[in-house]
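# Coordinate analysis (summary)
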Amino acid sequence: MAVSVVPTRAKIIIIGGGVGGTSVAYHLAELGEKDVILLDRNELTSGSTFHSAGLVGQLRADPTLTLMNMHSVDLYRKLQETDTPPSWRECGSIKLASTPERMQEIRRQIGWAKTFGLDLHEISPQEAQNLFPLIDLDGVVGACYMGSDGQVDPSQLAMALAAGAKRHGVQIFTHTRVLEIKTTNGRVSSVVTDKGEIECEIIVNCGGMYAPQIARMVNVRVPIVPMSHQYLITDNFMPADAPFLPSLRDPDNLIYFRQEVSGLLMGGYERNSKAWSADYNTIDNIPANFNNSLLAEDWDRFMDIAEASQKRVPKMSEVGIKSFINGPEGFTPDNEFCLGETSVGGFFVAAGFCAHGIAGAGGIGKVVAEWVVAGEPTMDLWHMDIKRFGSSYESPDFTLQRITENYEEYYDIHYPGEERKSARPKFMSPVYEWHKANGAVFGEKASWERVNFYGTNIGNDALRPKDWLGNHWSSAVQIEHKATREDAGLFDESSFAKARISGVRAAEFLNYVCANNVVKGVGKTAYTQALNSKAGIESDYTVTQTGNNEFLVVTGTAFAVHDFGWLEKMRREHAFDGVEITNITRELTCFGIMGPKARLILQSLTDADLSHTAFPFMNSREIEIAGIKVRATRLTYVGELGWELYSDVADGLALWTKLMEAGKEHGLKACGYRAIESLRLEKGYRAWAGEINSETNPFEAGLGFAVSLKKENFHGKAAAVAAQANLKRKLVSITFDDITCVPFGSEPIRIGEKIVGRIKSGGQGYTINKAIAYAYLPIECTEVGTKVDVEFFGTWHSGTICAEPLFDPSNDRIRA
Ligand SMILES: Cc1cc2nc3c(=O)[nH]c(=O)nc-3n(C[C@H](O)[C@H](O)[C@H](O)COP(=O)(O)OP(=O)(O)OC[C@H]3O[C@@H](n4cnc5c(N)ncnc54)[C@H](O)[C@@H]3O)c2cc1C
């Protein structure tokens, strides 16, 4: 066999020649990258790709993923016209609703498909049967059809992408195994293969289920587990001249079908899933020679799926089985891909495609190639960003529990406010037992148990939202909201991600990374965003100067890896040597005491002067409360007079108890995160990954006040100046008079007959007694008072664009 000679140097090395790697190669070549090589330890497509079922559906719950899948379809159509066609067949797809709830989901999806211009429409059960005559309609409530979905031959797709990449100069080396990855100063510097060492600047790990193995070479954890996934192919039984069938999904029965030659391919997501080569104690351990291989047939686990398929398509019990495939596929803990740059500079990952990698490959290749070239994502990819996974995912046990839960619920409807059930509790505040004893209902964020609300607070059930938002709703939230507005609320926010930034260049560093001036003197706090080079908001946090060369950065619970990772990247790429970034999340508790009586309560426990003149807004001091040392910072995320109190974890319970005791006579109530959400929506405070993200700039988001264009320089300044001068869209608040009629994301917005945008976030405002939503609209549509229509579950509801903020526009409360 000829031994290929690998080069000694390449700018970009892609590891893995499945659909992921070949698509990244194709798109890098399209972007003009000339010095790219792709390595595979075996043949192209010899991992998960060759045994894929090849269904391509576009509409997903996440708008970004939908856009990515739409790109896939455009690309596969285009490739079909080349001399290496991937057998793309635009056969359309049907989704059946076998329950009323599924029908609601379908109607909701049809709504948001309108915002993408997708051709998804509702069809009757009879129309579904006309398109797919083999189905029995028993239990079918309704259906939808999308004509532009299709199917593709996965191996041919990878080959077509590889051919396109090669045409533009990408070199592909098969039977070349990566054995080691070397780093220098926190960045990748070379790849050692069994054919020699190759220096490089960037590596893209497209290793599919093998990606964790590859990432371990640089001590990076990629939480992917190979899961067994099965389908069968029947004998040919349909007349050769019969019209080609659309793909068919019946998620309530956990099954999918597509036509294969003149038979059917049928698979599903069983409730008794099985990991392969990994268990609760060990990380994945895929044999070194596992390529072009399948797993043994596991009929026991497939029986329920097979029976369900026979009920929906009775012919399935008559026809013979040509082949049965049990193939492993890399799944992630939340069913979204793992994309992006890791904590090691230049080491990217694009893996964990959770059985929708063929549908996603085109879009994945595009966004990852753009990310590699630009050094930052070109659209909001937070849901797929490898940095969404916190330290808990270093545990094989935690990871597998989450992946198992996720796999088994693959086809389930997920309602707003639903919580994960597996691997809990993991991280707890020192007040956890107190919360539990006092009726707390917990939610989970980044492995932290957090109080959603206290079930003991019984409010007005007439406010329960109609439709899905009502499922996990509690009237307690309104009680806690009201207590905070009228007296005071105490919030346990210990899970906030916190970092200490120190060193003689700490101030210079933070003022470079942050758009606001965050160096205002010891004891001052600033609210800021960190921008990327296109002025998109990478992070949103508060910075407190705690010493001449020391700062405290506080951000959302889920953003520790992402936001502190961005700080580390900035330090590395802009040579701020000597600046130390220390994650101190688990060292400090944080309690927010908020409301008109917050000062009264707190003052009764301290000698420190808490008056407005002595302790103004956005100031921070070390004081003693009930004899306990705390850092008190006067700020608010709920629009009330208040302080965030940071103490040593060891003092947390004592501090909480003293505060509750002192607050008793003033109506202080322990409150949860759901109340925070309602309060902040009224006040118009933005949430990262809610209304703002790496794709939105501060000016369109209404955060221009937190950008200091007076500063000589900061990261993204040039783009921020341009963005301010060229505003094309703006975030607006929309209210609905019926507080029980609440949108919660992605619903289409119409003015007259024209779709002008989609909802970003929504909820209930108990003080203003309205439902609230936020959305970006073209600037010409943003006039206050404009009437808009928003479609929820197939019905249009009238709302009004309102002036912001909806509550306390003069800020009298927070500056009291
Ligand atoms: C049974 C089944 C049915 C499916 N059906 C569908 C479907 O209908 N629709 C859909 O969209 N998706 C489907 N999928 C998912 C889809 O097939 C995968 O998401 C996709 O093929 C994964 O591609 P990949 O490039 O990430 O990984 P892979 O194809 O596994 O490629 C990874 C490559 O990395 C190489 N590699 C690993 N380690 C090294 C090393 N050290 N050095 C060099 N190379 C290395 C491997 O040899 C391999 O070729 C299905 C999957 C399965 C298992």
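Here the structure is shown first, and the text comes after it.
Attention here is on the structure that accompanies the text. Positions within a chain are numbered from 1, following the residues in the order the chain's sequence is written. Only residues with pLDDT of at least 70 are given local features in this predicted model, and only at 80 or more are side-chain atom pairs given and counted; all residues enter the totals for whole chains, interfaces and linings. Processing note: side-chain calculations cover all non-hydrogen atoms of the structure and skip hydrogens and water entirely.

## Some points on the overall build of the protein
Counting its secondary structure elements, the protein contains 17 helices and 38 strands. Only C-alpha atoms enter the radius of gyration; for comparison, a globular chain is expected to reach 2.2 Å times N to the power 0.38, where N is the number of residues. Its C-alpha radius of gyration of 27 Å places the protein within 12% of the 28 Å reference for a compact globule of 816 residues. Projected onto its principal axes, the C-alpha coordinates of the protein cover approximately 85 × 60 × 50 Å. Across the protein, the fraction of contacts at a sequence separation of at least 24, relative to all contacts at a separation of at least 6, is 72%. Throughout, the Shrake-Rupley method with a 1.4 Å probe supplies accessible areas, and for residues the shown protein chains are the sole cover considered. Within the structure as shown, the protein displays about 29800 Å² of accessible surface, and the carbon and sulfur contribution to it stands at 50%. Only four residue types enter the tally: Lys and Arg on the positive side, Asp and Glu on the negative side; His and the chain ends are excluded. The location of each charge is read from NZ of Lys, CZ of Arg, CG of Asp or CD of Glu. Here the protein contributes 82 positively and 101 negatively charged side chains, and the mean placements of these two sets differ by 4 Å. The helix and strand labels rest on DSSP assignments: H or I over at least four residues marks a helix, E over at least two residues marks a strand, and numbering proceeds from the N terminus. For this analysis, residues touch if any pair of their heavy atoms sits within 4.5 Å.

## Quick look at the site of the ligand
Taken together, the neighbourhood of the ligand is formed by 38 residues, with D40, S48, T49, E329 and A359 sitting nearest. Each polar contact in these results corresponds to two N or O atoms within 3.5 Å; when the atoms are within protein, one needs to be able to donate a hydrogen and the other to accept it, and residues that are neighboring in sequence are counted only if both atoms are side-chain atoms. Backbone polar atom of A53 to a nitrogen atom of the ligand: 3.0 Å apart, as the coordinates give it. Between the ligand and G357 there is a distance of 3.3 Å, counted from an oxygen atom to a backbone nitrogen or oxygen. Summarising the interface, the protein chains cover 98% of the accessible area of the ligand, which totals 1000 Å² for the free molecule. Near is defined per residue: the residue qualifies when any heavy atom it owns lies within 4 Å of the molecule or strand.

## A word on the packing of helix α1 (residues 19-30) against helix α5 (residues 154-167)
Helix axes are fitted to C-alpha atoms over the stretch in contact, other axes to C-alpha atoms as well, and angles between N-to-C directions run from 0 to 180 degrees. For the pair α1 and α5, interaxial distance at closest approach is 8 Å and the crossing angle is 30°. Between α1 and α5, the angle is such that the two are roughly parallel. Note on packing geometry: the crossing formed by α1 with α5 is left-handed. Contact residues: V19, T22, S23, A25, Y26 and A29 in α1; P154, L157, A158, L161, A162, G164 and A165 in α5. Here the term charged refers only to Asp, Glu, Lys and Arg, the term nonpolar to Ala, Val, Leu, Ile, Met, Phe, Trp, Tyr, Cys and Pro, and the term polar to all other amino acids, Gly among them. Among the residues forming the contact of α1 with α5, the class breakdown is 10 nonpolar, 3 polar and no charged. Each angle receives one of four descriptions, namely roughly parallel if under 35 degrees, roughly antiparallel if over 145, roughly perpendicular if within 65 to 115, and oblique otherwise. Note: crossing handedness is left-handed where the near helix turns anticlockwise from the far helix by less than a right angle, and right-handed where it turns clockwise.

## Points about the packing of α1 against helix α8 (residues 357-374)
Closest axis-to-axis distance for the α1/α8 pair is 8 Å, and the angle between their directions is 45°. Judged by the angle between their axes, α1 and α8 are oblique. Here α1 runs over α8; the crossing is right-handed. Two secondary-structure elements touch here, α1 through V19, S23, V24, H27 and L28 and α8 through G357, I358, A361, G362, G365, K366, V368, A369, V372 and V373. Across the contact of α1 with α8, the residue classes break down as 9 nonpolar, 5 polar and 1 charged.

## What about the packing of aromatic side chains?
Working definition: rings of Phe, Tyr and Trp (its six-membered ring) pair if their centres are within 6.5 Å, and the pair is stacked with planes under 30 degrees apart, edge-to-face with planes over 60 apart, and tilted otherwise. Applying the stated criterion across every chain yields a total of 34 aromatic pairs. Aromatic pair W434 and W656: ring centres 5.5 Å apart, planes at 70°, arrangement edge-to-face. Placement of the pair is W434 in helix α10 (residues 432-437) and W656 in helix α15 (residues 652-663), with a sequence separation of 222 residues. Residue W656 is classed as buried on the basis of its relative accessible area, which comes to 0%. Every member of this aromatic cluster is reached through a ring pair, and the members are Y256, Y269, F331, Y407, Y410 and Y411. One cation-aromatic arrangement involves R89 over F244; the distance from NZ or CZ to the ring centre is 3.7 Å. Type-normalised accessible area, obtained with a 1.4 Å probe on protein chains alone, sets the label of each residue: buried when under 20%, exposed when over 50%, and partly exposed for intermediate values. Look at NZ for Lys and CZ for Arg. If either is within 6 Å of the ring centre and within 35 degrees of the ring normal, a charge sits over the ring.

## A look at helix α2 (residues 63-80)
The α-helix winds at 3.6 residues per turn, so residues separated by three or four positions along the chain end up facing the same way. Along its 18 residues, α2 runs 26 Å from first to last C-alpha, staying within 8% of the 26 Å computed at 1.5 Å per residue. All of the buried residues in α2 are T64, L65, T66, M68, N69, M70, S72, V73, L75, Y76 and L79. For a helix, the expected span equals 1.5 Å multiplied by the number of residues minus one.

## Let's talk about the sheet that holds strand β37 (residues 787-792)
Reading around the barrel, the 6 strands line up as β33-β36-β35-β34-β37-β38 and close back on themselves, with antiparallel pairing between neighbours. This sheet shows a mean twist of 40° between the axes of neighbouring strands, independent of strand direction. In the sheet, strand β35 (residues 754-765) pairs with strand β36 (residues 770-778) via 6 bridges, with the strands oriented antiparallel. By the bridge assignment for β36, I759 is matched with A775. Here helix α16 (residues 673-683) sits on the sheet in contact with β35 and β36, set at roughly 130° to β35. When DSSP finds two or more bridges between a pair of strands, those strands are recorded as paired.

## Here we look at the environment of W688
Summarising the element assignment, W688 is placed in the loop between α16 and α17 (717-725). Distance in space between the C-alpha atoms of W688 and V732 is 16 Å, their sequence separation being 44 residues. Non-local contacts of W688, meaning those with residues more than four positions away in its chain, are made with W382, I537, E538, S539, D540, F559, H562, N693 and S694. Engagement of the side chain of W688 in a polar contact is seen with the backbone oxygen of I537, the distance being 2.8 Å.

## Things to note about unusual backbone geometry
Along the chain, R424 connects to P425 via a cis peptide bond; the corresponding omega equals -5°. For P425, the location among the structural elements is in the loop between α9 (396-408) and α10. Cis geometry marks the peptide bond from E804 to P805, where omega comes out at -10°. Tracing the sequence through the fold places P805 in the segment after β38 (795-802). With a phi angle near 45°, A446 is a residue other than glycine that sits in the positive phi range. Position of A446 relative to the elements: it lies in the loop between β20 (440-445) and β21 (448-454). Residue classification places A446 among the partly exposed positions, given a relative accessible area of 36%.

## Points about the nonpolar core
Among the nonpolar cores identified, the biggest contains 43 residues, and I94, F132 and F257 are the most heavily contacted of them. Of all the secondary structure elements, the ones that give two or more residues to this core are β4 (93-97), β6 (142-146), β13 (225-234), β15 (255-260), β16 (263-268), α7 (299-312), β17 (321-331) and α9. Sorting elements by how many residues they give to this core places β13 first, with 5 residues. When residues no more than four places from it in sequence are discounted, the contact partners of F132 are I94, L245, P246, L248, F257, L264 and V313. Note on terminology: a nonpolar core comprises buried Ala, Val, Leu, Ile, Met, Phe, Trp, Tyr and Cys residues joined through side-chain atoms within 4.5 Å. A25, L38, A350 and V368 belong to the second largest nonpolar core, which has 32 residues in total.

## Examining the sheet that holds strand β22 (residues 488-492)
Spatially, the 6 strands line up as an open sheet ordered β29-β30-β31-β28-β22-β32, and their pairing is mixed. In this open sheet, the two edge strands, each paired with only one partner strand, are β29 (620-625) and β32 (668-671). When strand polarity is set aside, the average angle formed by the axes of neighbouring strands in this sheet is 30°. Two strands pair when backbone bridges link them, and strand β30 (residues 628-633) and strand β31 (residues 642-648) are joined in this way by 3 bridges, in the antiparallel orientation. Within β31, the residue paired with T633 across the bridge is E644. Helix-sheet contacts for α15 involve β22, β28 (588-594), β29, β30, β31 and β32, and the interaxial angle to β28 is about 15°.

## A closer look at the pairing of β22
Counted residue by residue, β22 has 5 buried out of 5 residues, so it is predominantly covered. Of the two faces of β22, the one carrying A488, L490 and D492 and the one carrying G489 and F491 are both buried. Across 4 bridges, the pairing between β22 and β32 is parallel. Bridge pairing links F491 to C671 in β32. In this structure, β22 lies alongside β28, joined through 4 bridges in antiparallel fashion. Bridge pairing links D492 to F591 in β28.

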